[in-house]
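# Summary of the model geometry
Below are the chains, spelled out letter by letter.
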Amino acid sequence: MDFLKLTKDKLIVSDLSDLVAHESCGAISLFVGTTRDYFEDKKVISLEYEAYEPMALKTLKNICQDIRSRWPQVKNIGIYHRLGEVAVKEASVVIAISSPHRKDGIEATAFAIEELKKQVPIWKKEQYLESQGTY
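Residues numbered from 1 in each chain as written. Predicted model: local features only at pLDDT ≥ 70, side-chain atom pairs only at ≥ 80, totals over all residues. Heavy atoms only, no water.

### Overview of the pattern of salt bridges
Taken as a whole, this structure holds six salt bridges when the rule is applied. Residues D2 and R68 are paired through a salt bridge, measuring 2.7 Å at the closest nitrogen-oxygen approach. Here the residue D2 occupies a position in strand 1 (residues 2-7), and R68 occupies one in helix 2 (residues 53-70), the gap between them amounting to 66 residues. Residue R68 is classed as partly exposed on the basis of its relative accessible area, which comes to 26%. The partner of E115 in a salt bridge is K118, and the shortest N-O contact between them spans 3.1 Å. Here the residue E115 and the residue K118 both occupy positions in helix 3 (residues 102-119), the gap between them amounting to three residues, near one helical turn. Here K118 falls in the exposed class, since its relative accessible area comes to 64%. Residues joined in a network through salt bridges with shared partners are D2, K61 and R68. (Salt bridge = Lys/Arg side-chain N within 4 Å of Asp/Glu carboxyl O. Helix = DSSP H or I, 4+ residues; strand = E, 2+ residues; numbered from the N terminus. Buried < 20%, exposed > 50% of the residue type's maximum accessible area, 1.4 Å probe, protein only.)

### Quick look at the UniProt feature "binding site: substrate" (unreviewed entry) in the protein
Look at the UniProt record and you will see "binding site: substrate" (unreviewed entry) annotated at H101, R102, K117, K124, K125 and E126. Their sequence span is 26 residues, while the largest C-alpha to C-alpha distance among them is 37.4 Å; these annotated residues do not converge on one region. Checked against the lining of the largest pocket, the annotated residues reduce to K117, K124 and E126. Given the relative accessible area of 64%, R102 is considered exposed. When sequence neighbours within four positions are dropped, the list of residues in contact with R102 reads A27 and S29. Structurally, the position occupied by E126 is in strand 8 (residues 122-128). The residues contacting E126, other than those within four sequence positions of it, are F39, V44, S46 and L47. (UniProt positions renumbered as here; feature names shortened; annotations may be inferred. 1 Å grid on protein atoms, 1.4 Å probe; cavity = no way out; pocket = protein on both sides within 12 Å on 5 of 7 lines; lining within 4 Å. Contact = heavy atoms within 4.5 Å.)

### Re the sheet that holds strand 7 (residues 91-99)
Ordered in space as 1-5-7-2, the four strands form an open sheet in which the pairing is mixed. The sheet is open, and its two edges are formed by strand 1 and strand 2 (27-34), each paired on a single side. Between one strand axis and the next, the sheet turns through 5° on average, direction left out of account. Bridge count for strand 2 against strand 7 is eight bridges, and the pairing is antiparallel. From the neighbouring strand, S29 faces strand 7, where its bridge partner is I97. Of the strands in this sheet, strand 1, strand 2, strand 5 (76-82) and strand 7 are in contact with helix 1 (residues 13-20), which crosses strand 5 at around 155°. (Pairing = 2+ DSSP bridges. Axes fitted to C-alpha atoms, helices over the stretch in contact; angles between N-to-C directions.)

### Notes on the layout of surface pockets
Estimated volume of the largest pocket: approximately 410 Å³. What lines the largest pocket is a set of 22 residues, and nearest its centre among them are L47, Y49, S92, K117 and K124. Across the lining of the largest pocket, the residue classes tally to 12 nonpolar, five polar and five charged. (Points joined across faces, edges and corners; volume = space filled by probe spheres on them. Nonpolar A, V, L, I, M, F, W, Y, C, P; charged D, E, K, R; others polar.)

So this is what it looks like as structure tokens:
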């Protein structure tokens, strides 16, 4: 089963991990992308995400289909992405994939984030700390 969501709500990693768990699987592979505090020597205070939601969800579904064709042992796939403002250290994307064995899940998770970054119409804008210059 595929669990796909674009949301303005805070992402809870354990919720998605629990959702993809399956009794036939001995592995749940996770990727959690978080907002870091610097980008190109600029102090980041948050990221802001927006998406063309219908196309983003369709593209995520296509990525899931690609995963299933490459790694047929994969059982459940979860991909949640934040929209709106995401503070430093908070998760902007969580990918969770269950599989009977770790190798398939790890490879599929790496594939999922790379394809998401390449294909899915989600855009981010860094919010920087304003310069505190003299007057």
